[in-house]
Amino acid sequence: MMQELVPALVNWGVPQADVRFEAFGPATVQLPMPNTGLSSVPGVGRPEVHFRRSGRTLTWEGRDESLLEFGERHGVALEAGCRSGCCGACESRLISGQVSYVTQPDHNILPGHCLPCVARPGSAVTVEA
Ligand code: FES
């Protein structure tokens, strides 16, 4: 039900910041991609994501919902819990660059850190993971 209802609310014009939901178990609700200012033109606006501890530098293709999903798809080990910005288990140091959030995370993020489970790169980023 939540998989259908949450995106429908956003598509009907309800601001994403006003859409609140709880996910019990792995987060499965997918929100529409916000306008990040990144181009969908191939090769343009596809920032590099460097996972420092893993030594992996990858190109963000825009097809993943979050840095967590992106890293996992490429075999980067990242801690995770709620996968919805609530628990803080995925909190990682953001060494450089900027991220954007689909919705405002409930967890208070330490300065210089990010929540990969709900973050997307807003520029080339280096994350401690
Ligand atoms: S996994 Fe819970 S805040 Fe990211």
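Above this text is the structure in question.
Since this is a predicted model, take the numbers as computed values, not measurements.

**Student:** Please explain the overall build of the chain as it appears in this structure.
**Tutor:** When you go through the chain residue by residue, the secondary structure sums to two helices and seven strands. In the chain, of all internal contacts separated by at least 6 residues, the share reaching a separation of at least 24 is 49%. Total accessible area computed for the chain in this model is approximately 7300 Å², and 50% of it derives from carbon and sulfur atoms.

**Student:** Got a minute to help me understand the packing of aromatic side chains in this structure?
**Tutor:** Within a pair of aromatic rings, the relevant descriptors are the distance that separates the centres and the angle that separates the planes. Summed over the entire model, instances satisfying the criterion amount to two aromatic pairs. Connected via pairs of aromatic rings, a cluster forms that spans Phe51, Trp60 and Phe70.

**Student:** For this particular structure, what's the right way to read the pattern of salt bridges?
**Tutor:** Two side chains with opposite charge may pair up if their charged atoms get near one another. Taken as a whole and assessed by the stated rule, the structure comprises eight salt bridges. Ionic pairing is found between Asp64 and Arg73, a salt bridge with its closest N-O pair at 2.7 Å. By relative accessible area, Asp64 is classed as buried at 3%. For Arg73, a relative accessible area of 33% corresponds to the partly exposed category. Linking Glu128 and Arg93 is a salt bridge whose minimum nitrogen-to-oxygen distance equals 3.8 Å. Residue Glu128 is located in the segment after strand E7 (125-127), and its partner Arg93 is located in strand E3 (residues 92-96); the two are separated by 35 residues in the primary sequence. Look at Arg93 and you get partly exposed, because its relative accessible area is 41%. Several salt bridges converge on common partners, so that one network encompasses Arg52, Arg53, Arg93 and Glu128.

**Student:** Quick question: what am I supposed to make of the sheet that holds strand E5 (residues 113-114) here?
**Tutor:** Hydrogen bonds along the backbone pair up the strands of a sheet, which may run parallel or antiparallel. Read from one edge of the open sheet, five strands run E2-E1-E7-E3-E5, paired in mixed fashion. Taken across any chain shown, the strands that pair with only one partner, and hence form the sheet edges, are strand E2 (56-59) and E5. Two strands pair when backbone bridges link them, and strand E1 (residues 48-51) and E7 are joined in this way by three bridges, in the parallel orientation. Note that in E7 the partner of His50 across the bridge is Thr126.

Reading the values: the criteria
- Numbering of residues starts from 1 in every chain and runs along the sequence as written.
- Thresholds applied to this predicted model are a pLDDT of at least 70 for local features of residues and 80 or more for the giving and counting of side-chain atom pairs; totals over whole chains, interfaces and linings are not thresholded and use all residues.
- To get the side-chain values, take all heavy atoms of the structure and skip hydrogens and water.
- Only runs of H or I of at least four residues qualify as helices and only runs of E of at least two qualify as strands under DSSP, and these elements are numbered from the N terminus.
- Note on definitions: a residue-residue contact is assigned when non-hydrogen atoms from the two residues lie within 4.5 Å.
- Method for areas: the Shrake-Rupley scheme with a 1.4 Å probe, in which residue coverage is limited to the protein chains shown.
- Classification of ring pairs rests on two measures: the distance between centres of Phe, Tyr or Trp rings, Trp counted by its six-membered ring, which must be within 6.5 Å, and the angle between planes, read as stacked under 30 degrees, edge-to-face over 60 and tilted in between.
- Should a side-chain nitrogen of Lys or Arg be within 4 Å of a carboxyl oxygen of Asp or Glu, the pair is scored as a salt bridge.
- Using a 1.4 Å probe on the protein chains alone, a residue whose accessible area is under 20% of its type maximum counts as buried, one over 50% counts as exposed, and one in between counts as partly exposed.
- Criterion used throughout: strands pair if DSSP finds at least two bridges between them.

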